[in-house]
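Survey of secondary and tertiary structure
Listed below, chain by chain, are the residues.
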Amino acid sequence: MTAEAHLQGVEISAAQFFEIWHHYDSDGNGYMDGKELQNFIQELQQARKKAGLDLTPEMKAFVDQYGKTTDGKIGIVELAQILPTEENFLLFFRCQQLKSSEDFMQTWRKYDSDHSGFIDSEELKSFLKDLLQKANKQIEDSKLTEYTEIMLRMFDANNDGKLELTELARLLPVQENFLIKFQGVKMCAKEFNKAFEMYDQDGNGYIDENELDALLKDLCEKNKKELDINNLATYKKSIMALSDGGKLYRAELALILCAEEN
């Protein structure tokens, strides 16, 4: 079955949801925007009509919001709000724990248990299992493994079998994902190390909240197109959620500001 045919379904499986996303995010940038979004809306309406199904209220609201604009942008979370996907899989995209960037950062710290800067398949499986348990849902281990594999395929943009911070952050609604803004201001390792040493003013090996404040103010000044200084408090709060008792070490700050070098 094609992605368009999946849109005709009364209920969409986790695997079909992945195929739909993969098909319409044709440039693979992790979002549906511009022509991709317009194609999706058009084909969603056609598929529902072909199947003899009305648009659901959620679909109607979505079409009203994005159907007449060419500058709309949605992520996986927004898509999950409108497609009739199997309930347990949807819980991952409707998680109350992941409603803000700060919540997400705290969650990342917990599940990147070895502080590698990545979440591997076992750490991801543990994360998904906990989300289901908090929602009082029990599923078989084989189903959990299936969900883990699908999520890995869905979010692992560079296909290295593990998830970086920015990849897993696509579990956040687009408007909440401040990491999108920081993609355009990342530095090479040499620049990042120089900046870290400059703003670690007392040379104690970590950056505290005041030092981070100074760093972010300068970044906002230099990158006005990408970063809004009016959101500085939000940026700071979210990034400090990665800290260890108020101490933001080089490896944690690198997740936000250091570009991966191949």
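Because the structure is a prediction, the values reported are computed rather than measured.

Rules of the game
Residues numbered from 1 in each chain as written. Predicted model: local features only at pLDDT ≥ 70, side-chain atom pairs only at ≥ 80, totals over all residues. Heavy atoms only, no water. Helix = DSSP H or I, 4+ residues; strand = E, 2+ residues; numbered from the N terminus. Rg over C-alpha atoms; globule rule 2.2 N^0.38 Å. Buried < 20%, exposed > 50% of the residue type's maximum accessible area, 1.4 Å probe, protein only. Contact = heavy atoms within 4.5 Å. Areas by Shrake-Rupley, 256 points an atom, 1.4 Å probe, with all protein chains shown as cover. Polar contact = N/O pair within 3.5 Å; in protein donor to acceptor, adjacent residues only side chain to side chain. Salt bridge = Lys/Arg side-chain N within 4 Å of Asp/Glu carboxyl O.

Secondary structure summary: the chain contains 15 helices and six strands in total. At 20 Å, the chain has a C-alpha radius of gyration in line with the 18 Å of a compact globule built from 262 residues. Taken along its principal axes, the extent of the C-alpha atoms in the chain is 65 × 45 × 30 Å. The buried share of the chain, reckoned over its 262 residues, is 45%. Partitioning the intrachain contacts of the chain with sequence separation of at least 6 by distance along the chain shows that 62% fall at a separation of at least 24. Carbon and sulfur atoms make up 46% of the accessible area of the chain, which amounts to about 13,500 Å² in all.

Inspection of the secondary structure puts N177 in the loop between α10 (165–168) and α11 (179–182). For N177, the side chain forms a polar contact with the main-chain oxygen of A169, separated by 3.3 Å.

Let us look at unusual backbone geometry. In this structure, H115 takes a positive phi of about 55 degrees despite not being glycine. The topology assignment puts H115 in the loop between α7 (101–111) and β3 (118–119). The exposure class assigned to H115 is partly exposed, which follows from its relative accessible area of 47%. Positive phi, close to 55 degrees, is recorded for N159, a residue that is not glycine. The exposure class assigned to N159 is exposed, which follows from its relative accessible area of 66%.

In this section: the environment of G72. As for its position among the elements, G72 is in the loop between α4 (57–66) and β2 (73–74). Assessed through its relative accessible area of 9%, G72 is described here as buried. Between the C-alpha atom of G72 and that of Q42, which follows or precedes it by 30 residues, the distance is 14 Å.

This brings us to the pattern of salt bridges. The full count for this structure, using the stated rule, is nine salt bridges. Between K143 and E86 there is a salt bridge, with the nearest N and O atoms lying 3.6 Å from each other. Of the two residues, K143 sits in helix α9 (residues 141–155) while E86 sits in the loop between α5 (76–80) and α6 (87–90), which places them 57 residues apart along the sequence. Judged by its relative accessible area of 28%, K143 falls in the partly exposed class. Between E146 and K143 there is a salt bridge; the shortest N-O distance is 3.2 Å.

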